[in-house]
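# Fold and contact review
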Amino acid sequence: DINLNSPNKGLLADAMTDVPVDSAAAARTAVPEGLTLAEEEELRSELAKVEEEIGTLRQVLAAKERHCGELKRKLGLTPLDGLKQNLSKSWHDVQVSNAYVKTSEKLGEWNDKVTQSDFYKKTQETLSQAGQKTSAALCRFCRKLGDMSSYSIRHSISMPAMRNSATFKSFEDRVGTIKSRVVGSRENSTDSLHSPSGAGDKPPQDNAPF
């Protein structure tokens, strides 16, 4: 703040009047080296036009983006669909780029070198043999399980079928007949042992006195 009652106010005013003021020089910056004043004015005019065009293009782009959003909304397209489309386009651009093509070619050369090496061939043969042995062992194990299952099924099915067969029934009848005969003969022999000896063969004696 400037104190108007200060005794040095006159000195301050004199110091300010001693500084020359050039309005045109203050508004204009120093001219770059190698350019004339006319060239500088031309470049500044061109810069103003370009900045104006950029502003106009930004407004047009914003209007186009709003119109694009309305069209997508009417078509039922979601932002996720747009993201997928952008990713697909980006991936396609990467695939057709020179760096990707060169990298793919280099990887193909390395793959050919690796697959043609002796170490890779020996490793592949070893893994193939191990896989064949493992497959054979699994096949044998599965075959054994299948045999056991089929034997159990055949045994469980054949027993009732064999019991219901005519041969089995005939054999069972014969065994039953033999068993009944043996039991009957044993019962007859037991009855003869318990009966009085000679009671049925000789008539009773007459004990009357002569």
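Residues numbered from 1 in each chain as written. Predicted model: local features only at pLDDT ≥ 70, side-chain atom pairs only at ≥ 80, totals over all residues. Heavy atoms only, no water.

## As for the overall build of the protein chain
On a plain count of helices and strands, the protein chain comes out with 7 helices and 0 strands. Each helix and strand of the protein chain, placed in order from N terminus to C terminus, yields the pattern α-α-α-α-α-α-α. The buried share among the 210 residues of the protein chain stands at 1%. Accessible area of the protein chain: about 19700 Å², with a carbon and sulfur share of 59%. (Helix = DSSP H or I, 4+ residues; strand = E, 2+ residues; numbered from the N terminus. Buried < 20%, exposed > 50% of the residue type's maximum accessible area, 1.4 Å probe, protein only. Areas by Shrake-Rupley, 256 points an atom, 1.4 Å probe, with all protein chains shown as cover.)

## What about the UniProt feature "coiled-coil region" (unreviewed entry) in the protein chain?
Within this numbering scheme, the UniProt entry marks residues 40-67 as carrying the feature "coiled-coil region" (unreviewed entry). Helix makes up 100% of residues 40-67 and strand 0%, and the two end C-alpha atoms of the span are 41 Å apart. (UniProt positions renumbered as here; feature names shortened; annotations may be inferred.)

## Digging into helix α3 (residues 37-75)
The terminal C-alpha atoms of α3 lie 57 Å apart, and with 39 residues this matches the ideal 57 Å at 1.5 Å per residue to within 8%. Just past α3, the residue G76 takes up positive phi, approximately 80°. (Expected span 1.5 Å × (residues − 1).)

## Overview of the pattern of salt bridges
Inspection of every chain in the model, using the stated rule, returns 3 salt bridges. Of the charged contacts in the structure, one is a salt bridge between E40 and R44, with a shortest N-O distance of 3.1 Å. Remark: R44 and E40 occur in helix α3; sequence separation between them is 4 residues, near one turn of the helix. The partner of K89 in a salt bridge is D93, with the nearest N and O atoms 3.4 Å apart. Linking K89 with D93, this pair stays in helix α4 (residues 79-95), spanning 4 residues, or about one helical turn. (Salt bridge = Lys/Arg side-chain N within 4 Å of Asp/Glu carboxyl O.)

## A look at a nonpolar patch on the surface
A cluster of nonpolar side chains, W91, V94, Y100 and V101, forms an exposed patch at the surface whose accessible area comes to about 340 Å². Taken together, the elements giving at least two residues each to the nonpolar patch come down to α4 and α5 (98-115). When you line up the elements, V94 lands in helix α4. Among the residues examined, V94 registers a relative accessible area of 38% and is labelled partly exposed. (Patch = residues over 30% accessible without salt bridge, like charges linked within 9 Å, V, L, I, M, F, W, Y side chains within 5 Å.)

## Focus: the confidence of the model for the protein chain
Residues at a pLDDT of 70 or more form 63% of the protein chain, whose mean pLDDT is 75. When mean pLDDT is taken per element in the protein chain, α3 scores highest with 94 and helix α2 (residues 23-27) scores lowest with 44. With pLDDT under 50 throughout, residues 21-27 is counted as low confidence; its partners more than four residues away or in other chains account for 0 contacts. Low pLDDT, under 50, characterises residues 197-201; the predicted model gives this stretch 0 contacts beyond four residues in sequence or across chains. (pLDDT = per-residue confidence, 0-100. Contact = heavy atoms within 4.5 Å.)

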